[in-house]
Amino acid sequence: MSGNSNTALTLGESARPVKPRVVVTGGSGKLGRATVAHLSSSGYEVINFDRVRPKTASEDGKTGLQGAYRLVEVDLSDMGQVLEALMEIDMAYKKVDAVVHLAAMPSPGQSSSSKQFNTNVSSTYNVLEACRKLGITNIVMASSETLIGIPLDIKPAKLPITEESPLLPESAYSLSKLVGETLADQYVRWSRQSHRNPTGGEIKIVSMRFSNVMLEEEYATFAGWQDDARKRYWNCWGYIDARDGAEAIKLALENKTLKGHEAFIIANNNTVMKRPSKELVEEVFPGVPYTPLNDDPNVTVLSNEKAKRVLGWEPKYDYKP
Ligand SMILES: NC(=O)c1ccc[n+]([C@@H]2O[C@H](COP(=O)([O-])OP(=O)(O)OC[C@H]3O[C@@H](n4cnc5c(N)ncnc54)[C@H](O)[C@@H]3O)[C@@H](O)[C@H]2O)c1
């Protein structure tokens with residue numbers, strides 16, 4: 001991705017090397033911290049929009065930002081803040097080149113369902129609408145594996161799950177992610193209308209349907225799941241290392257051939273289990289047609305083939321020592 005819009009300085013801003021400037025929303029979170037670190041070390045100027053400081057940040061927010069040039073405290077459910085922060089911040093920066101929208105209240109069960117739905121939907125609307133108003137056309141968003149029908153108490157029609165599998169949200173959280181993808185479809189359509197987009201630049205929005213995001217320090221917990229196929233059946237035993245998620249985001253940002261709105265499942269090559277995937281499927285989803293993706297006995301049941309083929313992505317981090 002080339003950066004060219006951040007050469008104009010805002011009043012009081014000091015000149016610094018020109019790098020593509022990307023805003024990561026939710027950059028203080030689990031996936032966000034890995035993404036900020038990865039993009040920063042890959043030559044981007046990263047600005048983190050979040051309500052809270054990352055866990056390791058100092059009181060004044062100037063260190064421990066995982067490499068982010070700056071943390072801007074933004075409540076994404078407030079359009080005024082989103083629009084202003086994406087335009088310009090006094091003495092800090094003017095214009096951004098791309099947005100990675102990860103901020104959300106993740107996973108069900110940690111707030112009232114309505115608060116979770118309303119926060120996630122308003123944040124995504126505000127980000128997409130502010131990008132439209134400001135002509136920001138390169139957007140990557142966190143969607144979710146939950147769209148496949150998690151917790152899968154209703155058996156899937158067939159396996160493996162692919163991007164073509166039916167979208168069956170079963171929670172307010174998952175509904176909020178489906179609304180996010182629907183908004184993405186419509187913002188792409190709007191970007192093709194001259195009255196809404198006078199500059200004519202068609203937007204690219206990439207929705208990443210992440211599987212369960214894991215940090216390296218969480219791999220020790222996998223041992224406790226091995227005795228029972230039902231402990232992790234709810235997402236087809238999938239996972240993704242935060243660092244591999246960050247690399248998929250970077251590849252999506254840099255992809256120049258994608259157009260419009262495209263969704264990708266981002267899951268590791270294997271499951272969290274040592275037992276063969278075929279055995280797990282037969283035990284938990286008897287009668288569901290299943291064609292393994294390849295000969296690896298532990299092959300993922302959430303197909304990651306589209307992300308590999310289109311983005312050139314290959315997960316590198318495995319829970320197995
Ligand atoms: N963790 C997973 O297993 C998983 C799986 C699939 C998808 N996702 C999605 O990936 C994204 C990142 O997830 P995560 O695990 O890093 O979550 P996280 O809770 O660790 O981080 C989310 C961040 O968003 C911020 N945030 C939330 N609402 C905000 C608002 N209104 N304004 C500003 N900041 C706000 C939070 O402060 C937090 O730092 C989310 O969109 C989540 O839904 C996560």
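Residues numbered from 1 in each chain as written. Predicted model: local features only at pLDDT ≥ 70, side-chain atom pairs only at ≥ 80, totals over all residues.

- Labelled according to an unreviewed UniProt entry, the protein chain appears under the name UDP-glucose 4-epimerase, originating from Kalmanozyma brasiliensis.
- In its Sequence similarities (unreviewed entry) section, the UniProt entry covering the protein chain states "Belongs to the NAD(P)-dependent epimerase/dehydratase family." (UniProt positions renumbered as here; feature names shortened; annotations may be inferred.)

### Some points on the pairing of strand 6 (residues 98-101)
Stage number 1. Alternating residues of strand 6 divide into Ala98 and Val100 and Val99 and His101, and every residue in both groups is buried.
Stage number 2. One ladder, built from four bridges, connects strand 1 (residues 21-25) with strand 6; its direction is parallel. Pairing of Val23 across the sheet is with Val99, part of strand 6.
Stage number 3. Two strands pair when backbone bridges link them, and strand 6 and strand 7 (residues 138-142) are joined in this way by three bridges, in the parallel orientation. Of the residues in strand 7, the one forming a bridge with Val100 is Val140.
Stage number 4. In this fold, the crossover linking strand 6 to strand 7 by way of helix 3 (residues 113-134) has right-handed handedness. (Buried ≥ 20, exposed ≤ 12 C-beta atoms within 10 Å, placed from the backbone. Helix = DSSP H or I, 4+ residues; strand = E, 2+ residues; numbered from the N terminus. Pairing = 2+ DSSP bridges. Right-handed = clockwise from strand over helix to strand, strands pointing away.)

### A short note on the site of the ligand
Stage number 1. Taken together, 26 residues are adjacent to the ligand, and Gly26, Gly29, Leu31, Ala104 and Ala142 come closest.
Stage number 2. Among the elements of the structure, helix 1 (30-41) and helix 3 are those that each provide at least two residues to the shell around the ligand.
Stage number 3. Here the shell around the ligand gets three residues from one element, more than from any other, and that element is helix 1.
Stage number 4. Grouping the amino acids of the shell around the ligand by side-chain chemistry returns twelve nonpolar, nine polar and five charged. (Near = placed C-beta within 6 Å. Nonpolar A, V, L, I, M, F, W, Y, C, P; charged D, E, K, R; others polar.)

### Some points on the pairing of strand 8 (residues 204-210)
Stage number 1. With seven of seven residues buried, strand 8 lies mostly within the body of the structure.
Stage number 2. Residues Lys204, Val206, Met208 and Phe210 line one face of strand 8 and the alternating positions Ile205, Ser207 and Arg209 line the opposite face, and both faces are buried.
Stage number 3. Summarising the sheet, strand 7 and strand 8 pair through five bridges and their orientation is parallel. Looking across to strand 8, one finds that Ala142 is bridged to Met208.
Stage number 4. Note: strand 8 against strand 11 (residues 260-266), seven bridges, orientation parallel.

### Re helix 2 (residues 79-87)
Residue pairs spaced three or four apart in an α-helix point in one direction, given the helix's 3.6 residues per turn.
Stage number 1. Among the residues of helix 2, those classed as buried are Val82, Ala85 and Leu86. End-on view of helix 2: buried residues confined to an arc of 100 degrees, all on one side of the axis.
Stage number 2. Taken together, the buried residues of helix 2 touch strand 1, strand 2 (45-50), strand 3 (70-73), strand 4 (88-89) and helix 3. (Arc of directions from axis to C-beta. Contact = placed C-beta atoms within 7 Å.)

### Let's talk about the packing of helix 2 against helix 3
Stage number 1. Direction vectors running N to C along helix 2 and helix 3 enclose 45 degrees, while the axes themselves pass 9 Å from each other. If you check the angle between helix 2 and helix 3, you find them oblique. The handedness of the crossing between helix 2 and helix 3 is right-handed. For the pair helix 2 and helix 3, contact is made by Met79, Val82, Leu83, Leu86 and Met87 and by Asn126, Val127, Ala130, Lys133 and Leu134, respectively. (Axes fitted to C-alpha atoms, helices over the stretch in contact; angles between N-to-C directions. Parallel < 35°, antiparallel > 145°, perpendicular 65-115°, else oblique. Left-handed = near helix turned anticlockwise from the far one by under 90°.)

### So, unusual backbone geometry
Glycine aside, residues mostly have negative phi, and peptide bonds are mostly found in the trans state.
Stage number 1. Here the residue pair Ile150 and Pro151 is connected by a cis peptide bond, since its omega of 20 degrees sits within 30 degrees of zero.
Stage number 2. Tracing the backbone through its elements, the reader meets Pro151 in the loop between strand 7 and helix 4 (172-191).
Stage number 3. Following Leu159, the chain continues into Pro160 via a peptide bond in cis, with omega recorded as 0 degrees.
Stage number 4. For Pro160, the location among the structural elements is in the loop between strand 7 and helix 4.
Stage number 5. Phi is positive for Gln66, which is not a glycine, with a value near 60 degrees.
Stage number 6. Its identity as a non-glycine residue notwithstanding, Leu152 has a phi of 55 degrees, on the positive side.
Stage number 7. Mapped onto the fold, Leu152 is located in the loop between strand 7 and helix 4.

### A look at helix 1
Stage number 1. Its twelve residues place the ends of helix 1 17 Å apart at the C-alpha level, agreeing with the 16 Å of an ideal helix rising 1.5 Å per residue.
Stage number 2. The element helix 1 is largely enclosed, with a buried count of ten among its twelve residues.
Stage number 3. Buried residues of helix 1: Leu31, Gly32, Arg33, Ala34, Thr35, Val36, Ala37, His38, Leu39 and Ser40, and no others.
Stage number 4. In this fold, the buried residues of helix 1 make contact with strand 1, strand 2, strand 6, strand 7, strand 9 (213-214) and helix 5 (242-254).
Stage number 5. Once helix 1 finishes, Gly43 follows within two positions and takes phi at roughly 95 degrees, a positive value. (Expected span 1.5 Å × (residues − 1).)

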